[in-house]
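Listed below, chain by chain, are the residues.
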Amino acid sequence: MDVKETLDTAAQIVLKERDQQYSTVTRVQQHERIAKMYLALGDREDLNKKVLDEMELTRKWVLAIVGDKWPLQHRHVLGQAIRIRSPYVDALSVTQVLALRSLRKKVDKEELTHGQKENYTYLILCTVSGVAAGLQNTG
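Residues numbered from 1 in each chain as written. Predicted model: local features only at pLDDT ≥ 70, side-chain atom pairs only at ≥ 80, totals over all residues. Heavy atoms only, no water.

Tallied over the full model, the rule gives four salt bridges. Where Asp53 meets Lys49, a salt bridge forms, and the shortest distance between an N and an O atom there is 2.8 Å. Linking Asp53 with Lys49, this pair stays in helix H3 (residues 45-66), spanning four residues, or about one helical turn. The partly exposed category is assigned to Asp53, whose relative accessible area is 41%. A residue is classified by how much of its surface remains accessible, and Lys49, at 56% relative accessible area, is exposed. Glu56 is the salt-bridge partner of Arg59, the closest N and O atoms lying 2.4 Å from each other. Placement of the pair is Arg59 and Glu56 together in helix H3, with a separation of three residues, close to one helical turn. The exposure class of Arg59 is buried, given its relative accessible area of 18%. (Salt bridge = Lys/Arg side-chain N within 4 Å of Asp/Glu carboxyl O. Helix = DSSP H or I, 4+ residues; strand = E, 2+ residues; numbered from the N terminus. Buried < 20%, exposed > 50% of the residue type's maximum accessible area, 1.4 Å probe, protein only.)

For the rest of this paragraph, the subject is helix H4 (residues 76-108). In a regular helix each residue adds 1.5 Å, so 33 residues correspond to 48 Å; H4 covers 47 Å between its end C-alpha atoms and thus fits that length. The largest bend along H4 reaches roughly 40° and is located at Arg85, with the proline Pro87 sitting one to four residues downstream. One or two steps after H4, the chain reaches Glu110, where phi turns positive at roughly 55°. (Expected span 1.5 Å × (residues − 1). Bend = angle between axes of the 7 residues up to and from the residue.)

On to the confidence of the model for the protein. Scored by pLDDT, the protein has a mean of 83; 87% of the residues are at 70 or more. The least confident element of the protein, judged by mean pLDDT, is helix H1 (residues 3-15) at 73; the most confident is H3 at 91. (pLDDT = per-residue confidence, 0-100.)

Let us now look at the nonpolar core. Listed in full, the seven residues of the largest apolar core are Ala10, Ile34, Met37, Leu41, Val94, Val97 and Leu98. Every element with two or more residues in this core is listed here: helix H2 (24-41) and H4. If you look at the next biggest cluster of nonpolar residues, it comprises five residues, including Ala99, Tyr120, Leu123 and Ile124. (Core = buried A, V, L, I, M, F, W, Y, C linked by side-chain atoms within 4.5 Å.)

Shown next as structure tokens:
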């Protein structure tokens, strides 16, 4: 998979969910799906369940501490800002995971030219910057 195919695949994954109502449950499921994609890059199956369990435990405790039934229940402006930016940040995250996966496979098999490796690296750095900007602006 080259950089263009990586971007196309990421777009297909994200667009599958665009017609769904982006409810709190759907966002939680999407974030868990993305977390699983990142965890798969680590080849540490023994840690996956621990990380996902901690993610769920953290979510439950935060809601219990603030007294809400769902994330940002009483933070309407921030909640709206996050709902608006989430699909974009999610698309960048999926793109980043796919690019990292492709880069690792191709580097291991020595299938990349120097220019192709630079293209993947540039794509990954762009997604890091995009995700960071999205999180910085909304929390």
